Amino acid sequence: MWLASRRSGLSVQELAERLEVSRNTVSAWINGHNRPRSRDLKAFALATGYPLAWLETGEAPTPVGPEGSPVTHR
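Here the structure is a predicted model, which means the values were calculated and not measured.

Thresholds, definitions, all that
Residues numbered from 1 in each chain as written. Predicted model: local features only at pLDDT ≥ 70, side-chain atom pairs only at ≥ 80, totals over all residues. Heavy atoms only, no water. Helix = DSSP H or I, 4+ residues; strand = E, 2+ residues; numbered from the N terminus. Contact = heavy atoms within 4.5 Å. Areas by Shrake-Rupley, 256 points an atom, 1.4 Å probe, with all protein chains shown as cover. Buried < 20%, exposed > 50% of the residue type's maximum accessible area, 1.4 Å probe, protein only. Arc of directions from axis to C-beta. Core = buried A, V, L, I, M, F, W, Y, C linked by side-chain atoms within 4.5 Å.

Enquirer: What's the story with the overall build of the protein in this structure? I'm lost.
Expert: In terms of regular secondary structure, the protein is built from five helices and zero strands. Listing the helices and strands of the protein from first to last along the sequence gives α-α-α-α-α. Across the protein, contacts joining residues at least 24 apart in sequence account for 40% of those joining residues at least 6 apart. For the protein, the accessible surface area stands at approximately 5,200 Å², while carbon and sulfur atoms represent 49% of it.

Set out below in structure tokens:
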């Protein structure tokens, strides 16, 4: 969450206002002290432009090709 918040260009205060939570709550999420509820994590993903799956797992989503199969890099 820290990386997503920094790269989004939004301040902690701006994120808190968009998500309708306190600044301290956002700080706790970003610093890893607490995990947001599912709906707050979805809102965080929308606000920062980062995929929800990446925020949930820490792993980048697998790119999908035109036929719906995973794209592999060689």
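Enquirer: What am I meant to see in the side chain of aspartate 40 here?
Expert: Here aspartate 40 lies in helix H4 (residues 38-48). For aspartate 40, a relative accessible area of 6% translates into the label buried. Residues in contact with aspartate 40, not counting those within four places in the same chain, are Val21 and Trp29.

Enquirer: Is there a simple way to think about H4 in this case?
Expert: An α-helix turns once per 3.6 residues; consequently, residues spaced three or four apart project the same way. Looking at H4, one finds that the buried residues are Asp40, Leu41, Phe44, Ala45, Ala47 and Thr48. The buried residues of H4 all sit within an arc of 165° when viewed along its axis, so they share a single face. Facing away from the buried side of H4 by more than 90 degrees, the exposed set consists of Arg39 and Leu46. Turning to H4, the residues buried within the fold contact helix H1 (2-8), helix H2 (12-19), helix H3 (23-30) and helix H5 (52-57). Looking one or two places after H4, you find glycine 49, whose phi comes out positive at around 80°.

Enquirer: Any chance you could explain the nonpolar core here in plain terms?
Expert: Here is a general trend for soluble globular proteins: nonpolar side chains tend to be buried in one another's company. Ranked by size, the top nonpolar core spans 16 residues in total, and within it Met1, Leu15, Val26, Trp29, Phe44 and Leu55 carry the most contacts. Leave out the neighbours within four places in its chain, and leucine 55 touches Met1, Ala4, Arg35, Leu41, Phe44, Ala45 and Tyr50.

Enquirer: Honestly, unusual backbone geometry in this entry has me stumped. Any pointers?
Expert: Glycine aside, residues mostly have negative phi, and peptide bonds are mostly found in the trans state. Backbone geometry places glutamate 20, a non-glycine residue, at a positive phi of 60°. Relative to the helices and strands, glutamate 20 resides in the loop between H2 and H3.

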